[in-house]
Amino acid sequence: MAAPVGEDSWLAYLDETVRNASDLEKRVHAVEIHKRAVSEEPGSLRLWLAYCNYFWSLWGASQSPDTGWSEEERMMGHELFSFGAALDLWQQGYEAIKNRISDSHLLWDRWISLEMELLSKTRTPDGVKRITHLYRNRLVTPHLTWDDTAQAFSSFLSEYSRSEWEDSMKDVTASAQEAKRLIASRDPFELKLRQAARAGDIESQKAHMIEYLDWEMRQSKRNNDSPEIGMDLCRGLYARALTGLFATDDTIWHEYVVYLSYSYQDPHAAANLLDVLRRAVHHCPWSGQLWNRYILCAEEAKLAFPEIESIKHAATSQDQLYKDGMESMLEMYVAWCGFLKRTAMDAAAGDEAVDVADVGLPAALEDVAVVGKRLYSKDFQGDPKFRLERIYIQYLTEKKGAIDEARAQWNKLASTPIHADSHDFWLRYYMWEMLIFSSRPNSIKSPTPPPGAGSLRVPSLATAVLARAVARTNIDWPEKVLEVYVQHCNDYEPPASVRRATDRVHKTAKEITRRREREAKEKEAAYAAYYAQRPDQPDVDAQSAGESKRKREVFQQDAEVAPESASKRRKNEAEAAQPAPEPQSALEEQAAAKRNRENTTIIVENLPVDVTQSKIRQYFKDYGHINNLTALVRDEKTQSSTALIEFRTPEEAQSALLRDGKYFGQSQLKVGSGHNLTVYVTNYPPAADDSFIRNLFKDCGEILSIRWPSLKVNTHRRFCYVSFRDQAGAAAATSKDGKLLEGRYRLVAKYSDPGNKKSREGALAEGREVHITNLDRNTPDSELRDIFAKYGTVTRVNIPQTLGGKNRGFAFVDFESKAQAEKAVSELNNTKFRNQILKVELSRESKIKPSAKTSYPDRSSASPAPPSKADAEGDEAMGDAMGHKKPTEAEIAARTIALMGLPDTVNDARVHALVEPLGTIVRLVLRPTHGGAKIEFADAATAGKAGLELDGKEFEGCKLRIGSLEELRHAKPERKGAPSHRGQQRPKEAAESGPAKRIMPPPPVRRPGPQRGGGPKRGLGFVGARRPPEGDKDAEAGGAPNGKTAPKSNSDFKAMFLNSGEKKEGKNGV
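Residues numbered from 1 in each chain as written. Predicted model: local features only at pLDDT ≥ 70, side-chain atom pairs only at ≥ 80, totals over all residues. Heavy atoms only, no water.

Caption draft 1: Layout of the nonpolar core. The biggest cluster of nonpolar side chains holds 102 residues, and the ones touching the most others in it are W336 and W426. Broken down by element, the residue count for this core peaks at ten residues, all from helix 17 (residues 327–345). If we skip the residues at most four places from it in the chain, W336 touches I295, F305, I308, E309 and K312. One finds L49, F55, L58 and Y160 within the second-largest nonpolar core, a separate group that totals 51 residues. (Core = buried A, V, L, I, M, F, W, Y, C linked by side-chain atoms within 4.5 Å. Buried < 20%, exposed > 50% of the residue type's maximum accessible area, 1.4 Å probe, protein only. Helix = DSSP H or I, 4+ residues; strand = E, 2+ residues; numbered from the N terminus. Contact = heavy atoms within 4.5 Å.)

What follows is the structure in structure tokens.
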């Protein structure tokens, strides 16, 4: 199995190992596992306690005949688990964690109690001296329980050495003054951490710990009477952070490595760092910074080449390095390529080192290019800083003397816009050419001397580089390039060349000036257009500053408080309407209005069995723009493929029919219209998936594809498009329209035709629903009905209630007609009712429903216990009155998991069907925008078991994973590739539909010169990863006050599950 990572993972693994240690051999193996655990986490107090306690229990068991050990096992146990070895182990553990000033007393107290127990039996002078020595060392070591330790030492002296009590206490008090001063200066930080821990505020704990670490590092740098103690305390604090809150935080690991690097003054500093770096990359395998440091320190420590190569292989053996883009991968390769270059260029290097560099450097460049193409496809242009290429060029130039080959690398870089539009690239290229020029003997003249140069030695190649840079119209800092160009020509070129260069610079400078002026005008026009729209906005904002926010809350609360009415409204709308797929943005909405798949799709049969999407697109590109390949199905029996191709317009699709009967390679194609092949299906059971739909229409004909809508914008969308091979199959499918499914769902199955789209029905869609806000919280339904009945026939009144029985300050009233609703709005808006000014308006339907929340009120509460007796609404908390206590935020966090890796086409019902068999669900929040769901279970043990079951599980063609709520907030949904329901996707297609793009290569940037008006500055380098916009962070179950929880791993869930099992066994008396 893979080695556990982190303190909690190791503890869970150790518990399982000890539980299964039924004989002596397994017990010895368990001891080895404990030893391995403390070597991986040497600063972990809990692991050392587990190790020492387990070894002590083995010593005790080997001494007693009543433990169930055989005589032979006890005899061997006497040797393996001796008393001396047990005490030595306690001392090793104490030495490892003694600088953890907040909790080191936990191990010390246990250890000294065992020592005292032994002394009480022997009462030897040597024993008294030993314990006195231990106490003296402990009292000069800073720890928060210093007073308790001093009191215990006083009691010890009173009992065992009364005559020396006064002198010993005076001596200890004097020598411990520095320790007490160090404790007092750190006590405020420790107090903040304890308060945050008691409140269960993880984010506050992290913030205080970061502040504490920063202060501790500054303290350790200052000259004081005990600099070594300051460094020890700093390392002890980092041990607490890196085995707890920041176990997987690569930033804190890197800070620790840097701190140790400049703290070590001896020549073996690099060797001392290796173990820390090994543990750092084990905890954070995605960090290129840490891998870079690891390889660099291994090189400095003069490890053998195979050992350093194994580090590089460990870094690239997983996909962790480029999960957030390519920067981490590049940082690792910078260290690796730098190592290869320095090894080969060393004066004592042999042919083998040169051969390794000859192979390794190009291989690194190729690997980066392959990964870049896989992540970004054609948009990948390479590293903007061209770090690996610079290393390779230096190697070719200085070691190999391959000037032409190095120049070819420069020209290859110059062919990509990301480098060609960078002034920094051209100046580096120019400096390289000048270096080559200056390194040549004076007797060698330029290969292409310009006319009129005479005997003057001219660096024409360097001049040509600058000329190419000047010719770039989109370069980011043209003024700098022009300055260098003129200066170079003045220094090295003959008069005629200087004149031509000056003319060229003059013309180019004028063009740049015009361009700057044009950009400034465009910016001013953009600002003017922006501010021209501002006068319209105050009127809207003046109505109510918080109106839009309250409106969002209204719909969310209405959906949760009155699920019956809301679900009925959605059901009526779904049954009566046939919606086309809703666009995900305003720009897409306009395009969707013109999109007509029914008339822009063709079906192509008898394609080669190994055909790829790119080949199909290339074959039909002459007939128009291809929007999508909605199906590509292979048939192994006939050794052919069938595709559905959607064009932009019906005319383009009609022209593509000319390919009917033509040949694709050796295959004669059959091309027909896609009209009446696709069926729009809705009102099926919410948990229906691909297999359900296929089984439903299995007797109709062959299904080519099933297209599900994205739920990113609206999680309530429940429809799909089913495409058949022939019109007979689609016709048979439409005959199932109206079929009753599961006794409650009336199926809708119609031909897909946007022209037949029906208008939505219901009070909301018809404009008959009125939304009332600022309502008195004691208003009954009957009184509100009487008031609005004066303006028309009221068909429904809905006043959402709190758990305390009061209304939420808003209501919905449905009228018989739209005119009646509009009359009520005009008459009652801004009128006084019960000392409140009512806000009355027509309800507006919102298609934006980015998340789906499902709560189960008959199960454990999904809301945390309020901090005071009254909640945010002013209502009294009802937890105690109802006979049970509401769970705290920490308890909710412990039983909540974040499920990620879900496609954005999966609804909450399908997630519920997936998770429900694993345990009782209290609350489920689906977030398609982030490709995941937040699931709260009835207890932590169920959450742990479910996490273990779900992590790594294949679902809908995607691999699920369990993470923290913070990771879910920054996650992106999984997108499955083009549909292919029979046979496997071709390798090339798999590459084309590879991982989602995370960080796009940065666009060309421009360094601004003097210009009018303000504006943001632009810079060079990688653009940071684009993250999805975060919505309002509501206080949902499982979150800390600011929405973040500590990450959970598989072993976390396993530990919770196993620990819960132990508690249950204890209760049952097993």
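After that view of the structure, there is still more to cover.
Caption draft 2: Up close: helix 35 (residues 781–788). All of the buried residues in helix 35 are L784, I787 and F788. Taken down its axis, helix 35 places every buried residue within 90° of arc, on the same side. Structurally, helix 35 contributes buried residues whose contacts are with strand 13 (769–773), strand 14 (794–798), strand 15 (810–815), helix 36 (818–828), strand 16 (832–833) and strand 18 (839–842). (Arc of directions from axis to C-beta.)

Caption draft 3: Structural context of helix 2 (residues 24–40). Helix length check: helix 2 (17 residues) gives 24 Å between terminal C-alpha atoms against 24 Å at 1.5 Å per residue, within 8%. Listing the buried residues of helix 2 in full gives L24, R27, A30, V31, I33, H34, A37, V38 and E40. Among the structural elements, helix 1 (7–19), helix 3 (45–63), helix 4 (71–80) and helix 14 (269–283) are those in contact with the buried residues of helix 2. Between a side-chain oxygen at the N-terminus of helix 2 and the backbone nitrogen of E25 the separation is 3.3 Å; the capping residue is D23. (Expected span 1.5 Å × (residues − 1). Polar contact = N/O pair within 3.5 Å; in protein donor to acceptor, adjacent residues only side chain to side chain.)

Caption draft 4: Region of the structure containing the pairing of strand 20 (residues 896–900). Counting buried positions over the five residues of strand 20 gives five, a clear majority of the element. In strand 20, alternate side chains face the same way, and those of T896, A898 and M900 on one face and I897 and L899 on the other are all buried. Two elements, strand 20 and strand 22 (residues 932–937), share five bridges in a ladder whose sense is antiparallel. Bridge pairing in strand 22 places L899 opposite A933. In this sheet, strand 25 (residues 961–963) lies alongside strand 20 in antiparallel orientation, the contact comprising three bridges. (Pairing = 2+ DSSP bridges.)

Caption draft 5: How the structure looks around the packing of aromatic side chains. Applying the stated criterion to the full structure yields 44 aromatic pairs. For the pair F305 and W336, a centre-to-centre distance of 6.0 Å together with 40° between the ring planes defines the contact as tilted. Taken together, the positions of F305 in helix 16 (residues 305–316) and W336 in helix 17 put the pair 31 residues apart, joining distant regions of the chain. Judged by its relative accessible area of 28%, F305 falls in the partly exposed class. For the pair F425 and Y429, a centre-to-centre distance of 6.1 Å together with 50° between the ring planes defines the contact as tilted. On the criterion of helical spacing, the pair formed by F425 and Y429 is a turn pair, its members being four residues apart in helix 22 (residues 423–439). Looking at F425, the relative accessible area reads 0%, which means it is buried. Residue classification places Y429 among the buried residues on the basis of a relative accessible area of 2%. (Phe/Tyr/Trp six-rings, centres within 6.5 Å; stacked < 30°, edge-to-face > 60°.)

Caption draft 6: A look at the packing of helix 3 against helix 6 (residues 105–122). One way to put it is that helix 3 packs onto helix 6 with a least axis distance of 10 Å and a crossing angle of 20°. With respect to helix 6, the element helix 3 is oriented roughly parallel. Crossing handedness for the pair helix 3 and helix 6: left-handed. Of the residues in helix 6, those touching helix 3 at L45, W48, L49, N53 and W56 are L106, L107, R110 and L114. Class assignment of the residues belonging to the contact of helix 3 with helix 6 gives a composition of seven nonpolar, one polar and one charged. (Axes fitted to C-alpha atoms, helices over the stretch in contact; angles between N-to-C directions. Parallel < 35°, antiparallel > 145°, perpendicular 65-115°, else oblique. Left-handed = near helix turned anticlockwise from the far one by under 90°. Nonpolar A, V, L, I, M, F, W, Y, C, P; charged D, E, K, R; others polar.)

Caption draft 7: Inspection of the pattern of salt bridges at higher detail. On inspection of all chains with the given rule, the structure shows 46 salt bridges. One salt bridge in this structure joins D904 and K712, with 3.9 Å as the shortest N-O distance. Remark: K712 occurs in the loop between strand 8 (703–707) and strand 9 (719–724) and D904 occurs in the loop between strand 20 and helix 38 (908–915); sequence separation between them is 192 residues. Since its relative accessible area comes to 27%, K712 is described here as partly exposed. Among the ionic contacts, a cluster of salt bridges with common partners joins E40, D275, R278 and R279. (Salt bridge = Lys/Arg side-chain N within 4 Å of Asp/Glu carboxyl O.)

Such coordinate-based values are descriptive only and should not be taken to indicate function.
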